[in-house]
Amino acid sequence: MKIAIIVTSTKDIPRFRLDMAKEFVSLGHSVIIFGDEEESIWTQFFGAKGMSYRQFYVSRTGTNPFDDLKTLKSLMENLRSEMPDKVFTSNVKANIYGSVAAHRVGIGDVYVMMGGLGSVYRSEKPGFIAKLVSLEYRYSLRYAKKVFFQNQDDAKLFVSLRLVDDSKIVMVRGSGVNIQRFDFSPLPQETRFLFVGRLVKGKGIIEYLDAARLVKRKIPDAKFDVVGAFDSNPTSIRLEQLQPYIDDGTIAYQGEQKDVRPFLKKCSCFVLPSYYGEGTPKSGLEAMATGRPIIVADAVGSREVVLDGVNGYLVSPKNAHDLAEKMISIAVNRSKALSMAEASRRLAEEVFDVRSVNLVICRTMGISRER
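Residues numbered from 1 in each chain as written. Predicted model: local features only at pLDDT ≥ 70, side-chain atom pairs only at ≥ 80, totals over all residues. Heavy atoms only, no water.

(A) Here's a closer look at the pairing of strand S2 (residues 30-35). The buried count for S2 comes to five of six residues, which makes it a mostly enclosed element. Examined bridge by bridge, strand S1 (residues 2-7) and S2 share five bridges and lie parallel to one another. Residue pairing across strands places isoleucine 3 opposite valine 31, the latter belonging to S2. Handedness of the β-α-β unit built from S1, helix H1 (residues 12-26) and S2 comes out right-handed. Remark: the S2/helix H2 (residues 39-47)/strand S3 (residues 51-55) crossover connection has right-handed handedness. (Buried < 20%, exposed > 50% of the residue type's maximum accessible area, 1.4 Å probe, protein only. Helix = DSSP H or I, 4+ residues; strand = E, 2+ residues; numbered from the N terminus. Pairing = 2+ DSSP bridges. Right-handed = clockwise from strand over helix to strand, strands pointing away.)

(B) Spotlight on helix H3 (residues 65-82). Under the 1.5 Å per step criterion, the end-to-end length of H3 is 26 Å for 18 residues, consistent within 8% with the ideal 26 Å. Buried within H3 we find Asp68, Thr71, Leu72, Ser74, Leu75, Met76, Asn78, Leu79 and Glu82. Those residues of H3 that are buried are in contact with S1, S2, S3, strand S4 (86-90) and helix H4 (92-104). Methionine 83 sits one or two positions beyond H3 and adopts a positive phi of about 45°. (Expected span 1.5 Å × (residues − 1). Contact = heavy atoms within 4.5 Å.)

(C) Looking closely at the environment of phenylalanine 230. Note that phenylalanine 230 resides in the loop between strand S9 (223-227) and helix H9 (239-247). Taking the C-alpha atoms as reference points, phenylalanine 230 and phenylalanine 45, separated by 185 residues in sequence, lie 25 Å from one another. When sequence neighbours within four positions are dropped, the list of residues in contact with phenylalanine 230 reads Leu199, Ser236, Ile237, Arg238, Leu239, Leu242 and Tyr253.

(D) Region of the structure containing the packing of H1 against helix H14 (residues 354-365). Between H1 and H14, the shortest axis-to-axis distance is 10 Å and the interhelical angle comes to 55°. One way to sum up the angle between H1 and H14 is to call them oblique. Taken as a pair, H1 and H14 cross one another with a handedness that is right-handed. Where H1 abuts H14, its residues Asp19, Met20, Glu23 and Phe24 lie against Val354, Asn358, Ile361, Cys362 and Met365. (Axes fitted to C-alpha atoms, helices over the stretch in contact; angles between N-to-C directions. Parallel < 35°, antiparallel > 145°, perpendicular 65-115°, else oblique. Left-handed = near helix turned anticlockwise from the far one by under 90°.)

(E) Broad picture of the nonpolar core. Core analysis: the largest hydrophobic core is formed by 57 residues, its most contacted members being Phe193, Tyr208, Val215, Phe224 and Met327. Top element by residues in this core is helix H8 (residues 205-218). It accounts for seven residues. Beyond its immediate chain neighbours, meaning those up to four positions away, phenylalanine 193 contacts Tyr208, Val215, Ala222, Lys223, Phe224, Asp225, Cys267, Cys269, Val271, Met327 and Ala331. (Core = buried A, V, L, I, M, F, W, Y, C linked by side-chain atoms within 4.5 Å.)

(F) A look at the sheet that holds strand S8 (residues 192-196). Reading across the sheet, the six strands line up as S10-S9-S8-S11-S12-S13 and stay open at both edges, with parallel pairing between neighbours. Each edge of the sheet is formed by a strand with only one pairing partner; in this case those strands are strand S10 (252-253) and strand S13 (312-315). Sitting on the sheet, helix H11 (residues 282-290) touches S8, strand S11 (269-272) and strand S12 (294-297), and the angle it makes with S11 is about 170°.

Here you go:
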């Protein structure tokens, strides 16, 4: 059986979908990845893992309808050339245009993975873009056999907006986390906080920066790392906004990292005050598997990774003072931090193991060992 995985950002595959793709291959199936980056960059990478790769045209964050028509045409051409038996899509444009393209070339087995709905739906006043995306989802999801959601809030919203029939919904625990790759690491003595995420306002980066300054007034030796890339999203912060916090020693900016494990092992607490609508934050799952207390905003998706007071804390969205208080609480209570660290690892093993997530996906898609 040939299975196509369509994403709008090829770089998402190694972190979010590679374990799933490997599972498909291990069961004896042919896997082809469709992504936005050049084949010369990725063919060897995926080939070494028993998969193939094709580039399709997509403007990941653009809103030009002519570009989107080019995306649809490109996907149809690629799908018609490969004619996979099943199609799995992830990311907004891949979900919408991948579903429609598959239908138009005669492929009926389409499965859609919803990530976080982001600021499009979770802003205080959803605007024209939300209405447009809703129209596109209402049209395209009729061609999906099943739609995976990572939290109940998003699933309920899509049903209430009549974008998907509730009979198609399948719940999964995010993308899962590879608990062998992200193994447990003892909690360091040093007070060191870590933010990992795109540097967009909705991820709570501003609140993290302001909270770091507040914490350093009480705990001058506390350290704060920021790992993540600047983004093309219009809500992305700029380097000049980050620079004052670097210059005064509040934070150390570590840039974008292919492997976050060294930073997770050095930190004593992971912080992601995202309020814009996560699916289930992958970075939070990785921190849990490493055995770290977690502090996240009490917001859609983010709250999925924390049992408040057990493996970390939930804080009020957009509230740097509340965030600082919880960071200080973990920093000054070593026994509590150790207990939370152990609880995080236990939850990663029992609830968020990627093998359990992949099992749900395989069963839903009807993927078993090839004879």
